[in-house]
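# Architecture at a glance
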Amino acid sequence: MQIKTKHHFNYFSLILITTLILSSFCSCSTKNDTINYSDKQNWAYYAEGENKPADVFLICPTVDMGEDGEYNMSMDDENTKANFLGALNMERGIYENSATLYAPYYRQMTFPVYSMTEEQMKPYLDIAYQDVSAAFEYYINNINNDRPLILAGFSQGSQLVLKLMEEYFDEPEYSDNLIAAYCIGWRITENDISKYPHLKMAQGEKDTGVIVSFNSEAEEINNSIILPEGMKTLGINPLNWKTDDTPADKSMNNGACFTNYDGEIGKEIPELTGAYLDKSRGTLRITDINPEEYSNSLFPDGVYHLYDYQFFFRNLQQNVSVRTENYLNSRN
């Protein structure tokens, strides 16, 4: 979750504050509200980048901390929308060399919702997905014109990308145009694949029509908001593009890039870290770094959720290009 906030919470304080918020407020957003996606003001990116061979439909991660007591972001909150755009800018460098950018504003779930049970979360997730689905349908019906497509997200954005894949991409009119879906920073389970057998996880560096996913953790972590203890996620190693536990040395890391809300790279570190997939959790175990050097106010040390894109920036950027080129060659 790309989050910019002036407040500094530790993890346990956040849980306590979340509990108080949940007991004191209710969301005023309703599922029956509609957003007009023919209005370009309801898009953070609309046809950003010309003369690209493909499009990317990019869904923003969580930026709304819910400090106003709401469980869904207000489309009238200009400050949060500025953070929304900033979070997208942190990711755009992965995709913009290969694709024209489209990213809708939507009433995303606020951060406290992730302390709820799935049943409690559902009405707020439904509101967020209603918007994303409406924006996607507008894009498909009015913009796409049979162009190759990348779906991409991070954290909540990937959660919603997965829902788009579940709902739409069992139909050839959608799946035939899909280069890949980058569902980074969200869990994808065997149950998801069993329930929606048209979902295919990436098996290598070049396959298309597949889901690319991973979740970064230190070797000692066995529980997180993204992947609770006892669950297993499916994923791929973005350094060696293997789905088993074969370690990838840090020499394979082409560059970790730490971007800001303007999309600028403040620091780039080649060969920062190696990685391997954990057999039991399925998460991407990060080696060679000290967890305390990458601590943050929202997650315990060693839960590298905020760095999923940044640790592997150059490898992901290259992979988007490789998959796009492979798709275009197969289409010719």
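As a starting point, this report considers the structure included with it. (Residues numbered from 1 in each chain as written. Predicted model: local features only at pLDDT ≥ 70, side-chain atom pairs only at ≥ 80, totals over all residues. Heavy atoms only, no water.)

## Structural notes on the pattern of salt bridges
Under the criterion given, the structure shown has 14 salt bridges. Of the charged contacts in the structure, one is a salt bridge between R92 and E48, with a shortest N-O distance of 3.7 Å. Of the two residues, R92 sits in helix α2 (residues 78–95) while E48 sits in strand β1 (residues 43–48), which places them 44 residues apart along the sequence. Here R92 falls in the buried class, since its relative accessible area comes to 19%. Of the charged contacts, one joins R314 and E268 as a salt bridge, the two residues approaching to 2.9 Å between their closest N and O atoms. Taken as a pair, R314 in helix α8 (residues 313–331) and E268 in strand β9 (residues 265–269) lie far apart in primary sequence, 46 residues in all. Its relative accessible area of 36% is what places E268 among the partly exposed residues. What you see here is one network of salt bridges that share partners, running through E217, D278, R281 and R285. (Salt bridge = Lys/Arg side-chain N within 4 Å of Asp/Glu carboxyl O. Helix = DSSP H or I, 4+ residues; strand = E, 2+ residues; numbered from the N terminus. Buried < 20%, exposed > 50% of the residue type's maximum accessible area, 1.4 Å probe, protein only.)

## Considering the sheet that holds strand β6 (residues 210–212)
The strands making up a sheet associate through backbone hydrogen bonding, with each pair oriented either parallel or antiparallel. The strand order across the open sheet formed by 6 strands is β1-β3-β2-β4-β5-β6, and the pairing between neighbours is mixed. If you trace the sheet from one side to the other, it starts and ends with β1 and β6, each paired once. For this sheet the average axis-to-axis angle between neighbouring strands, irrespective of direction, equals 20°. With respect to the sheet, α2 is in contact with β1, β2 (54–59), β3 (99–104), β4 (149–154) and β5 (178–184), its orientation differing from that of β1 by roughly 30°. In the packing of α8 onto the sheet, the strands contacted are β2, β4, β5 and β6, and the crossing angle to β5 comes to about 155°. (Pairing = 2+ DSSP bridges. Axes fitted to C-alpha atoms, helices over the stretch in contact; angles between N-to-C directions. Contact = heavy atoms within 4.5 Å.)

## Here's the deal with a negative patch on the surface
A surface patch of negative charge is lined by E219, E220, D249, E271, D288, E292, E293 and D301. Counting through the fold element by element, E293 comes out in the loop between β11 (284–286) and α7 (308–311). (Patch = residues over 30% accessible without salt bridge, like charges linked within 9 Å, V, L, I, M, F, W, Y side chains within 5 Å. Areas by Shrake-Rupley, 256 points an atom, 1.4 Å probe, with all protein chains shown as cover. Lys, Arg positive; Asp, Glu negative; His and termini not counted. Charge placed at Lys NZ, Arg CZ, Asp CG, Glu CD.)

## As for α2
If you check α2, its first and last C-alpha atoms are 25 Å apart, about what 18 residues at 1.5 Å a residue would give, namely 26 Å. When the local axis directions of α2 are compared, the greatest deviation, roughly 30°, occurs at N89. α2 sits mainly inside the fold: 14 of its 18 residues count as buried. Capping the start of α2, D77 holds a side-chain oxygen 3.3 Å from the backbone nitrogen of N79, two or three residues further along. (Expected span 1.5 Å × (residues − 1). Bend = angle between axes of the 7 residues up to and from the residue. Polar contact = N/O pair within 3.5 Å; in protein donor to acceptor, adjacent residues only side chain to side chain.)

## Observations concerning the nonpolar core
Within the largest apolar cluster, 106 residues are counted, with the highest numbers of intra-cluster contacts made by F57, Y95, F136, L151 and F311. For this core, the element with the most residues is helix α3 (residues 118–144), which contributes 10 residues. The contact partners of F311, leaving out residues within four places of it in the chain, are N253, G255, A256, F258, L272, I286, I289, Y294 and Y304. (Core = buried A, V, L, I, M, F, W, Y, C linked by side-chain atoms within 4.5 Å.)

## Things to note about the sheet that holds β11
Sheet architecture is open: 3 strands sit in the order β7-β11-β10, paired in mixed fashion. What marks the edges here is a single partner per strand, and that holds for β7 (216–217) and β10 (275–277). Note: β7 against β11, 2 bridges, orientation parallel. Looking at β11, one finds that S216 is bridged to L284.

## A look at the packing of α2 against α8
Where α2 contacts α8, the axes come no closer than 7 Å and their chain directions differ by 50°. When the axes of α2 and α8 are compared, the pair comes out oblique. Judged by residue contacts, M90, G93, I94 and Y95 of α2 engage F313, L316, Q317 and V320 from α8. Looking at the contact of α2 with α8 residue by residue, the class counts come to 6 nonpolar, 2 polar and no charged. (Parallel < 35°, antiparallel > 145°, perpendicular 65-115°, else oblique. Nonpolar A, V, L, I, M, F, W, Y, C, P; charged D, E, K, R; others polar.)

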